[in-house]
Amino acid sequence: PVYVHDFTCSDIVRVGRVPKGRLDLEPAYWDGGSWVASASQATDISPPGRWIDPMQIYFVDGRWLAVTKLGDWFGEKIVVDVASLPQGPFTTVRTIPTPPRCPQCNTYFASLVPYPGTDGSMLIGISNNVFGNLDLRRYDPTFFAIPRV
């Protein structure tokens, strides 16, 4: 396989916040129990045992929803987690298998599509491609409809 990014760069997800509209202020960081001023005290909010790359967090129907492609380019599963607060804790509510489309293919970057399906379902998109190949005919996005969580 061709490894195109650093596996150590995305195993921890930390969050910070500022008041709405005040990006000029220093953020406060979640330490697992409260918001603190020191970035060094920030704690990982990702569910235990995960390599997160990427974890996309959305506010949907009054709850926080995280869509994660486990293993990013090399994994074969999307998980959907929910939480009542943006910093978690998150609980897994759906798992979606995403096997590669061909032996050279990979799947990556799962994200919530911001529009519901015609039946009110949630739509999640994932990209499919081939490493080391500029043949864009192999790019094949896939969409999954899941019941609202």
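Along each chain, numbering runs from 1 in the same order as the chain's sequence is written. Confidence filtering applies because this is a predicted model: local features only for residues at pLDDT of at least 70, side-chain atom pairs given and counted only at 80 or more, and all residues used for totals across whole chains, interfaces and linings. Calculated side-chain values reflect all of the structure's heavy atoms, with hydrogen atoms and water omitted.

1. A look at the pairing of strand S9 (residues 122–130)
Relative accessible area decides the class of each residue, using a 1.4 Å probe on protein chains only: under 20% of the type maximum gives buried, over 50% gives exposed, and in between gives partly exposed. Secondary structure elements are taken from DSSP: a helix is a run of H or I of four residues or more, a strand is a run of E of two residues or more, and numbering for both begins at the N terminus. Taking burial as the measure, the nine residues of S9 include eight buried ones, the bulk of the element. Here the rule is simple: two strands pair whenever DSSP picks up at least two bridges between them. Judged from the six bridges that link them, strand S8 (residues 105–112) and S9 form a sheet pairing that is antiparallel. Note that in S9 the partner of Cys-105 across the bridge is Val-130. Where S9 lies against strand S10 (residues 142–146), five bridges are found, and the strand directions are antiparallel. When the bridges of S10 are listed, Ile-124 appears paired with Phe-144.

2. Some remarks on the nonpolar core
Remark: nonpolar core denotes a set of buried residues (Ala, Val, Leu, Ile, Met, Phe, Trp, Tyr, Cys) joined through side-chain atoms within 4.5 Å. Formed by 15 residues in total, the largest nonpolar core has its most connected members in Leu-65, Val-67, Ile-78, Leu-112, Met-122 and Ile-124. Sorting the residues of this core by element identifies strand S4 (52–60), strand S5 (63–70), strand S6 (77–83), S8 and S9 as the ones contributing at least two each. Contacts are assigned to residue pairs with any non-hydrogen atoms lying within 4.5 Å of each other. Ignoring sequence-local partners within four residues, the contact set of Met-122 consists of Val-60, Leu-65, Leu-112, Phe-144, Ala-145, Ile-146, Pro-147, Arg-148 and Val-149. Counting eight residues, the second largest nonpolar core, distinct from the first, contains Ile-45, Ala-66, Ala-83 and Phe-90.

3. A few points about the confidence of the model for the protein chain
The predicted model of the protein chain averages 84 in pLDDT, with 84% of residues at 70 or higher. Per-element averaging of pLDDT across the protein chain places S4 at the bottom with 78 and strand S3 (residues 35–36) at the top with 96. pLDDT: the predictor's confidence for each residue, scored from 0 to 100.

4. Quick look at the sheet that holds strand S2 (residues 28–30)
Judged by pairing direction, the sheet is antiparallel, and its three strands sit side by side in the order S1-S2-S3 without closing on themselves. Here the strands that pair on one side only, and so sit at the sheet edges, are strand S1 (16–17) and S3. In this structure, S2 lies alongside S3, joined through two bridges in antiparallel fashion. The residue of S3 that forms the bridge with Tyr-29 is Val-36.

5. Things to note about the pattern of salt bridges
A carboxyl oxygen of Asp or Glu within 4 Å of a side-chain nitrogen of Lys or Arg is what we treat as a salt bridge. All chains considered together, the criterion is met by two salt bridges. For Arg-148, the salt bridge identified is with Asp-61, shortest N-O distance 2.8 Å. Highlighted residues: Arg-148 in the segment after S10 and Asp-61 in the loop between S4 and S5, separated in sequence by 87 residues.

6. Examining unusual backbone geometry
That bond from Gly-88 to Pro-89 is cis: its omega, 5°, falls within 30 degrees of zero. Tracing the chain through its elements places Pro-89 in the loop between S6 and strand S7 (91–97). Even without a glycine there, the phi angle at Asp-61 is positive, about 50°. The class for Asp-61 is exposed, based on a relative accessible area of 54%. For Phe-109, which is not glycine, the phi dihedral falls at a positive 50°. For Phe-109, a relative accessible area of 37% translates into the label partly exposed.

7. What about the sheet that holds S10?
With respect to topology, three strands assemble into an open sheet ordered S8-S9-S10, the strand pairing being antiparallel. Lying at the two open borders of the sheet, with one neighbouring strand each, are S8 and S10. Sheet twist, expressed as the mean angle between neighbouring strand axes with direction ignored, is 25°. In this analysis an axis means a line fitted to C-alpha atoms, helices contributing only their contacting stretch, and an angle means the value between N-to-C directions, from 0 to 180 degrees.

8. Examining the side chain of Thr-107
Within the secondary structure layout, Thr-107 lies in strand S8. For Thr-107, a relative accessible area of 1% translates into the label buried. With residues near it in sequence (within four places) discarded, Thr-107 still touches Lys-69, Asp-72, Trp-73, Gly-75, Thr-98, Pro-99, Pro-100, Ile-126, Ser-127 and Asn-128.

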